[in-house]
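This is what each chain is made of:
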Amino acid sequence: MAGFPRLVRQLADFLNLIAGWSLLAMTALTFSDVIMRLFRCPILGAYEMVEFLGAAVAAFAIAHTTLHRAHVAVDVVVLLFSPKVQKFLYIVTHILAIFLFVLLSFECIRYGNDFRTSGEVSMTLRLPFYPILYGISFATMVVCLVLVLDLWFVITGRELPGFRWKN
Amino acid sequence: MVQADVVQLTYSNFFPPTHFNHQLAESWGKEIETRTKGAVKFTYFPGGALLKGPEMFDGVIKGVSDIGMSLFAYTAGRFPSMEALDLPMGYPNGNTATMIANDFYKKYRPKELDGVKVLLLHAHGPGLLHAKKEINRLEDLKGLKIRCTGFSAKAAAALGGVPVAMGQGGAYEALQKGVVEATLTPIETLKGWKQAEVVKYTIECYSVGYTTAMYVIMNEKKWNALPKEVQKVFEDVSSAWIPKHGQGWDQADKEGREFTLSLGNKVIPLSDEQSKLWASKVAPVIDEYVGVLEGKGLPGKEYVQFIRDGIKKYGKK
Amino acid sequence: MEPTTIGLVGLAVLIIVLFSRMPVGFVMALLGVIGFSYTVSWEGGLRMLAKDFYTVFGSYSLTVVPLFILMGQITFHAGISRRLFDTAYKFVGHLPGGLAMATVAACAGFAAICGSTNAAAATMATVALPEMKRYHYSMVLGTGTVAAGGSLGILIPPSVIFIVYGILTEQSIGKLFVAGVLPGIILSLLFVLAVYIWVKVRPEMAPKGPRTSLGSKISSLKGVIETLLLFALVMGGLFIGFFTPTEAGAIGAGGAIILGFVTRRLGWKGLMQALKESTRISCMVMVIVAGATMFGHFLAVTRIPYELATWVSSLPLPHYAVMGFIIFIYLAGGCFIDALALILLTIPIFYPVVTNMGYDPIWFGVIVVLVTQMGVITPPVGVNVYVVSGVVQDVPLQSIFKGALPFLIAIVVLSLVLIPFPQIALFLPNLMK
Ligand code: NA
Ligand code: NA
């Protein structure tokens, strides 16, 4: 078990690094496109590339955001309950969340497969869409691992339940 | 309330509810509801409320929506044969383009449309150039930043312009701010998308007029589950609605023209000599398409000839 | 079960599960996919789920969210926002709630370059909250100010909501934009007034600063130079036509990075830290938007919005009562689903009703935007409040909702004034031909 938490953390951090670089690339790409357009040679397909990179920013950051419990959750009512009830609720909702991300990961692969067989590509650069769907699928699979890890820590009492940003 | 044996169908449209194409979709549905004596009932989701344009085809296959209207060009690469219709062939009007699109489908039945029931197709009037500055000759186009779709980008570049690919949604602001200086689009959008407010001239480059073919499709399982006589009603009403869409596009183009003139904008006709010159410039775009298709083992050359014949057959301006 | 019944059950379950401390975006996505699948089919529901996440994540118009957040993070890490607020403090620190008022002004200025309410709230939260905290302002006041101030992003042009409304109703987008200007300015002033009254009643919310001499005020002005440069770059570029509002985010972020490196106030480490925090905040926002979209699609297929809208339109009531009902529905609907989804579903039904009663379509567009602004700061689903909560993390949600309340009252006041005095919205657009 000692290796598993480390592996999951490194994976989540690594994906978040990709997300960060994608965001920087998005900025640079749009910035250069605007400048180049002033000289009448805009980067054709910048629009599509920005969409691709935008998908990478959001998708590859979910695991990290989940690992650091940075999602927004309503805790007003739950905090009124005893720690035991809180823990129970946390376990139940985590199982539901894992269910959600398993569905999402599974369907993104199937969606990607459909994109691949239909040969659908972006309008200008004619880049295929399926790698993004596979990417989202992989990213959400890592989210499942993160959720399992968090759940395990809460069950074994090494972490308290809760949703607040922790470093 | 609702009878148990009534078939409830959802109809998604990327057109907004005020657009005539959505109003035709609703009257199409009403006609079917009447003729089947209420055996079918439609719920509409216009304006991309359920499925957006690029999501439509896959969404109907997967049953997210039972029926959907969208354009082939939103999903590039998925419809290599139908893309022939979108080439800058020099369509004179929307009715011609609509008739050709339906004939084309009936004749070739491309495999790419397997998996859905095609109810009807339609296509807009010629995509023309609308600019903030006056354009009379090909030279005037040099270096002009032209908003276009990914597919018409090639034609824009072939004419010497600088293609800036973006959707219709961003066009207004881009033209207003001068981010682009012209747009390639049917004259109808000058009214429908209010772009007449931000351009000054329309250039009647009919010789390179392209179109965008659109589909109304239905989920195959839902279609197969319909009783034979109901299917017949769908087929009959759909055929009757094809010319309505075609003429609707022409009417919309007429209104777009009146709207832009009412704002004091000008329409510039292109001389015969210039028309020929422009057509010769985009010819390589058509040749390239034929080459790619022949490489895939599809009769690209025949497709293009079929469309040319269709323009002769239907196209008296 | 009738689809509308399924929808009502879905709404009830949503309220319960929201309070279970499951992340808000997860709750809406999960209930959305289950509800959609139950109403339509599992095949359709699953595909809708994948489509909504993929389309929201890869949406060109939503790329302003991460880009503006990055801009906010860079100004924070390069100390640009800190120097800006130091200057502001010298000027307005002695006024009751001076910094909160300055934040409202900054929100209004930012709204002129950003057309999305979530992006505006996230950016302003990043920029302004650490500074207000530094000067010991109450975080209830601070978070409420940025959550509500961010909503100005859709009233002051450019505005995503005006664009969607214009396309749905075939109204001039240019006129709608212009119609938002005067109400936008008035609402900003009302927000300032709300801060003033609040701090007058509860002075401990915003400790007063010392009065400063004119000399130290003037010498502090150099602190705003960088901000002015950045603002001039983005505003100027927008007006001259170098780029579109969607591209403004990238220009702002890129400009801030260059500025930070040139002045040597931003290093490699600061940039990496800014990127890391930007992806976290953006991801948090995008997951909520994707979840809200999925839940909105579920409600759409249950036909609840249609049934409700059709029912109201058929009520045999005087015009103002029908109008009141419509506003109420947007307000109630805005409590549960994403504003954009609500507008897409209901405008097609309400719009003809409203115009048939003789109301001005441009004016109605402004009303729709105002009610949308209310929706993003009212519980239980108040997207701007969620966004701000995700940025600061150590302020409980209910405090932010509470903090936004005075501003909510200000929006309601403006809406009530606009009903008898539509000229406030229509004066400027009527000057156009
Ligand atoms: Na704005
Ligand atoms: Na709300």
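Here, every reference points to the structure presented above.
Procedures and definitions
Residues numbered from 1 in each chain as written. Chains lettered and ligands numbered in written order. Predicted model: local features only at pLDDT ≥ 70, side-chain atom pairs only at ≥ 80, totals over all residues. Heavy atoms only, no water. Helix = DSSP H or I, 4+ residues; strand = E, 2+ residues; numbered from the N terminus. Rg over C-alpha atoms; globule rule 2.2 N^0.38 Å. Areas by Shrake-Rupley, 256 points an atom, 1.4 Å probe, with all protein chains shown as cover. Lys, Arg positive; Asp, Glu negative; His and termini not counted. Charge placed at Lys NZ, Arg CZ, Asp CG, Glu CD. Pairing = 2+ DSSP bridges. Axes fitted to C-alpha atoms, helices over the stretch in contact; angles between N-to-C directions. Buried < 20%, exposed > 50% of the residue type's maximum accessible area, 1.4 Å probe, protein only. Polar contact = N/O pair within 3.5 Å; in protein donor to acceptor, adjacent residues only side chain to side chain. Contact = heavy atoms within 4.5 Å. Parallel < 35°, antiparallel > 145°, perpendicular 65-115°, else oblique. Left-handed = near helix turned anticlockwise from the far one by under 90°. Salt bridge = Lys/Arg side-chain N within 4 Å of Asp/Glu carboxyl O.

K.L.:
Pulling in residues and values, what's your account of the overall build of chain A?
P.N.:
The secondary structure content of chain A amounts to four helices and zero strands. Listing every helix and strand of chain A by position from the N terminus yields α-α-α-α. In summary, chain A has a C-alpha radius of gyration of 20 Å against a globular reference of 15 Å for 167 residues, an excess of more than 25%. Along the first, second and third principal axes, the C-alpha set of chain A runs to 65 × 35 × 35 Å. Split by element, the accessible area of chain A, about 7300 Å² in all, is 73% carbon and sulfur. Separation between the mean location of the 13 positive side-chain charges and that of the 10 negative ones in chain A comes to 9 Å.

K.L.:
Break down the sheet that holds strand β5 (residues 127–131) of chain B for me, citing the residues and quoting the values.
P.N.:
Residue and element names in this part refer to chain B. Taken in spatial order, the six strands make up an open sheet running β7-β6-β8-β5-β9-β11, and their pairing is mixed. Sheet topology places β7 (162–165) and β11 (266–269) at the edges, where each strand pairs with a single neighbour. Strand-to-strand twist in this sheet, taken as the mean axis angle between neighbours without regard to direction, amounts to 30°. Relative to strand β8 (residues 182–186), strand β6 (residues 145–148) is paired through two bridges, and the arrangement is parallel. Pairing of R147 across the sheet is with T183, part of β8.

K.L.:
Describe in detail the side chain of S116 of chain C, supporting the description with residues and values.
P.N.:
All names here are of chain C. Here S116 shows up in the loop between α6 (98–111) and α7 (117–134). S116 gets classed as buried once you look at its relative accessible area, which sits at 10%. Side-chain polar atoms of S116 contact the backbone nitrogen of N118, separated by 3.4 Å. Apart from the residues within four sequence positions on either side, S116 is in contact with V64, V65, G153, I154 and V160.

K.L.:
Which residues make up the packing of helix α3 (residues 94–108) of chain B against helix α10 (residues 300–314) of chain B, and what are the values?
P.N.:
Between two packed helices, what matters for the description is the angle formed by their axes and the separation of those axes. Residues and elements named next belong to chain B. Two elements in contact, α3 and α10, have axes separated by 10 Å at closest approach and are oriented at 135°. Taken together, α3 and α10 sit at an angle that is classed as oblique. In this structure, α3 meets α10 at a crossing whose hand is right-handed. When α3 is examined against α10, the residues T96, M99, I100, D103, F104, K107 and Y108 are found in contact with a partner set consisting of E302, Y303, F306, I307, G310, I311, K313 and Y314.

K.L.:
I'd like to hear about unusual backbone geometry, residue by residue, with values.
P.N.:
Trans is the prevailing form of peptide bonds, just as negative phi is the prevailing case for residues other than glycine. Residues and elements named next belong to chain C. Cis rather than trans, the peptide bond between P157 and P158 has omega equal to -5°. Looking at the element boundaries, P158 is found in the loop between α8 (139–150) and α9 (160–169). Each neighbour pair has its own omega, and for P379 with P380 the value is 0°, a cis peptide bond. Within the secondary structure, P380 sits in the loop between α18 (361–375) and α19 (383–392). Backbone geometry at R21 places phi at a positive 70°, although glycine is not the residue there. Mapped onto the elements of the fold, R21 is located in the loop between α1 (3–18) and α2 (24–39). A residue is classified by how much of its surface remains accessible, and R21, at 4% relative accessible area, is buried. The backbone of H136 sits at a positive phi, close to 60°, despite the residue not being glycine. Turning to its location among the elements, H136 is positioned in the loop between α7 and α8.

K.L.:
Which residues make up the pattern of salt bridges, and what values do they have?
P.N.:
Scanning the entire structure with this criterion turns up 31 salt bridges over all chains. With its nearest N and O atoms 2.8 Å apart, the salt bridge here joins R47 of chain C to D58 of chain B. Of the two residues, R47 of chain C sits in helix α3 (residues 42–57) while D58 of chain B sits in helix α2 (residues 56–61), which places them in two different chains. Comparing R47 of chain C with D58 of chain B, the two get one shared label, buried. Here R257 of chain B and E204 of chain B are joined by a salt bridge, their closest N and O atoms 2.8 Å apart. Of this pair, R257 of chain B sits in helix α8 (residues 228–262) while E204 of chain B sits in strand β9 (residues 201–204), and the two are 53 residues apart along the sequence. Residue classification places R257 of chain B among the partly exposed residues on the basis of a relative accessible area of 26%. Residues joined in a network through salt bridges with shared partners are E107, R110 and D114 of chain A, D58, K62 and K221 of chain B together with E43, R47 and K51 of chain C.

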